[in-house]
There are 2 protein chains.
Amino acid sequence: MNQQYPSVLLEKAVNEFAKLPGVGHKTALRLVLHLLRQPAEEVEAFGQSIIKLKKEVQYCNVCHNISDTATCQICSHPMRDASTVCVVENVRDVMAVENTQQFKGLYHVLGGIISPIDGVGPNDLEIQSLVDRVKSGVVKEVILALSSTMEGDTTNFYIYRKLSAYDVKISVIARGISIGDELQYTDEITLGRSIVNRVTFDGKF
Amino acid sequence: MNQQYPSVLLEKAVNEFAKLPGVGHKTALRLVLHLLRQPAEEVEAFGQSIIKLKKEVQYCNVCHNISDTATCQICSHPMRDASTVCVVENVRDVMAVENTQQFKGLYHVLGGIISPIDGVGPNDLEIQSLVDRVKSGVVKEVILALSSTMEGDTTNFYIYRKLSAYDVKISVIARGISIGDELQYTDEITLGRSIVNRVTFDGKF
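1. Digging into the interface of chain B and chain A
Working step 1: With 54 residues of chain B at the interface, the matching set in chain A holds 53 residues.
Working step 2: A buried area of about 5,200 Å², summed over both sides, lies between chain B and chain A, and 70% of it is on carbon and sulfur atoms.
Working step 3: At the junction of chain B and chain A, the tally comes to 2 salt bridges.
Working step 4: With a shortest N-O distance of 3.6 Å, glutamate 44 of chain B and lysine 55 of chain A are connected by a salt bridge.
Working step 5: Linking chain B with chain A are 8 residue pairs in polar contact (both at pLDDT 80 or more), by the criterion used here.

Here it is as structure tokens:
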């Protein structure tokens, strides 16, 4: 349906919002009309925060995570263990691992995973820079924390091959039954893997 | 959960997006990271379109609809019938009526409906300006096209009282069974009203 907008300015703003993933024209119109009802300063702040982010945001020169400074907060933190590097796909995965509060090492953000269907090859990712970090000798362990998908496994294997020439331990995050899951509803591949990769039980949880 | 953002700029942009209705922090982060992957010109255009809209948009001095000019396209259109005025709540309702292509008169946008719970009284709405339009003598019919809710009915009645002193026909859009609806699933108030307000059937649809 060809919507008749009463204003070209309104139509433009709606079309911009509708470009966002998961936002259709109806939702876009709702959001834009909401913004129109807000005070001018707030709308200005909204627009500027986006423009400023895109203009000023940096990528850490060590781990390639989003950062406000040349080297990010995590990489420049004196208490973090530089000998352990956790390889993740993107910023959101860094945030997810950080939220667990279980990891005190540094990260390496690939910026994606190898996916021939999407046209993403190893050279589009920050893999060479990971090899260079390992080559420098500080890194003792690389933890591969990618999605448990075919693309994730392919990327894991590619990185494993690239790093096998160096004296570094390579590990992968455990795949198994989610906490709270019932055995009868777990798929057989996950269940099978969790039996093969069983760990010694020491009576603690 | 207190999310740890790797960048203050990122956090600010996410918080701005999360202020939008129906957008939580997870969705906001997804949208912001999507924008970060877009070319700088596009992100700039997105931000500017919002700021520009808020700064430059006008409200028509006749019908109070959103407009790019002092008088909106509809009010200044030579082929529209200025003697019929359709009273609606907001811009979206103008667009909805326009999309039916059944109305060739002008509009009057109230900017809301009377709702004591939300603290909206008659003086917060464009009711006096409607009375002034009627007073000028051009308007022959006022069509009340508000939502079929208690607030809508209250506003209808308030406007009816305000306009009863003038020589103007006041009508209200038909309430009845939606096209395609089955009788057995229609609520009894709607069904009752549709019987009371029955119209002569002339064999045409």
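Once you've had a look at it, read on.
2. Some words on the sheet that holds strand 5 (residues 141–144) of chain A
The strands making up a sheet associate through backbone hydrogen bonding, with each pair oriented either parallel or antiparallel.
All names here are of chain A.
Working step 1: Here we have 4 strands laid out as an open sheet, ordered 4-3-5-6, and parallel in their pairing. What marks the edges here is a single partner per strand, and that holds for strand 4 (105–109) and strand 6 (169–172). The mean angle between the axes of side-by-side strands here comes to 25 degrees, regardless of whether they run parallel or antiparallel.
Working step 2: Note that strand 5 and strand 6 share 4 bridges and pair parallel.

3. A few points about the relation of the copies chain B and chain A
Working step 1: Take chain B, turn it by 180 degrees, move it 0.0 Å along the axis, and it overlays chain A with an RMSD of 0.1 Å. With respect to symmetry, the two chain copies, as superposed, fit the operation of a two-fold axis. Among all residues of chain B, the minimum C-alpha distance to the rotation axis is found for glycine 47 of chain B, at 2.1 Å.
Working step 2: Of all interface residues in chain B, 98% are interface residues in chain A too; the two copies therefore contact each other through one and the same surface.

4. A short note on the packing of aromatic side chains
Working step 1: As enumerated under the stated definition, the model contains 8 aromatic pairs over all chains in all.
Working step 2: Grouped by ring-pair contacts, the aromatic residues Phe17 and Phe46 of chain A together with Phe17 and Phe46 of chain B constitute a single cluster.

5. Some words on the packing of helix 3 (residues 40–56) of chain A against helix 1 (residues 8–18) of chain B
Working step 1: Interaxial distance between helix 3 of chain A and helix 1 of chain B falls to 9 Å at its minimum, and their mutual angle equals 145 degrees. In the crossing of helix 3 of chain A with helix 1 of chain B, the sense of the turn from one axis to the other is left-handed. In this structure, helix 3 of chain A uses Glu42, Ala45, Phe46, Ser49, Ile50, Lys52, Leu53 and Glu56 of chain A to contact helix 1 of chain B, whose residues at the interface are Leu9, Leu10, Ala13, Glu16 and Phe17 of chain B.
Working step 2: Partitioned by chemical class, the residues of the contact of helix 3 of chain A with helix 1 of chain B number 8 nonpolar, 1 polar and 4 charged.

6. Here we look at unusual backbone geometry
Residues and elements named next belong to chain A.
Working step 1: Unusually for a residue other than glycine, histidine 64 sits at a positive phi of about 70 degrees.
Working step 2: Note that histidine 64 resides in the loop between strand 1 (58–59) and strand 2 (66–67).
Working step 3: We classify histidine 64 as buried; its relative accessible area is 19%.

What counts and how
- Along each chain, residues carry numbers from 1 onward, in the same order as the chain's sequence is written.
- Working convention: letters from A go to chains and numbers from 1 go to ligands, in the order in which they are written.
- For a predicted model such as this one, the threshold for reporting local features is a pLDDT of at least 70, and the threshold for listing and counting side-chain atom pairs is 80 or more; totals across whole chains, interfaces and linings nevertheless cover every residue.
- The side-chain values count all of the structure's non-hydrogen atoms but skip hydrogen atoms and water molecules.
- We call two residues in contact whenever any of their non-hydrogen atoms come within 4.5 Å of each other.
- Once two parts are joined, some of their accessible surface, as seen by a 1.4 Å probe, is lost; buried area is that loss totalled over both.
- We define a salt bridge as a side-chain nitrogen of Lys or Arg found within 4 Å of a carboxyl oxygen belonging to Asp or Glu.
- Here a polar contact means two N or O atoms within 3.5 Å. Within protein one must be a hydrogen donor candidate and the other an acceptor candidate, and residues neighboring in sequence count only if both atoms are side-chain atoms.
- Strands pair, by our definition, only if DSSP identifies at least two bridges between them.
- Starting at the N terminus, helices and strands are each numbered in turn, a helix being any DSSP run of H or I of at least four residues and a strand any DSSP run of E of at least two.
- Only C-alpha atoms enter the line fits that serve as axes; for helices the fit covers just the stretch in contact. Angles between N-to-C directions range over 0 to 180 degrees.
- What sets the superposition is a least-squares fit of C-alpha atoms, and only residues with pLDDT of at least 70 in both copies go into it.
- Under the pairing criterion, centres of Phe, Tyr and Trp rings, with the six-membered ring standing for Trp, must be within 6.5 Å; the plane angle then separates stacked pairs below 30 degrees from edge-to-face pairs above 60, leaving the rest tilted.
- By the definition used in this description, the sense in which the near helix is turned from the far one sets the handedness, with an anticlockwise turn below a right angle giving left-handed and a clockwise turn giving right-handed.
- Each residue is assigned to one of three groups, with Ala, Val, Leu, Ile, Met, Phe, Trp, Tyr, Cys and Pro labelled nonpolar, Asp, Glu, Lys and Arg labelled charged, and all others, Gly among them, labelled polar.
- The rule is simple: take the accessible area with a 1.4 Å probe, protein chains only, and divide by the maximum for that residue type; under 20% is buried, over 50% is exposed, in between is partly exposed.

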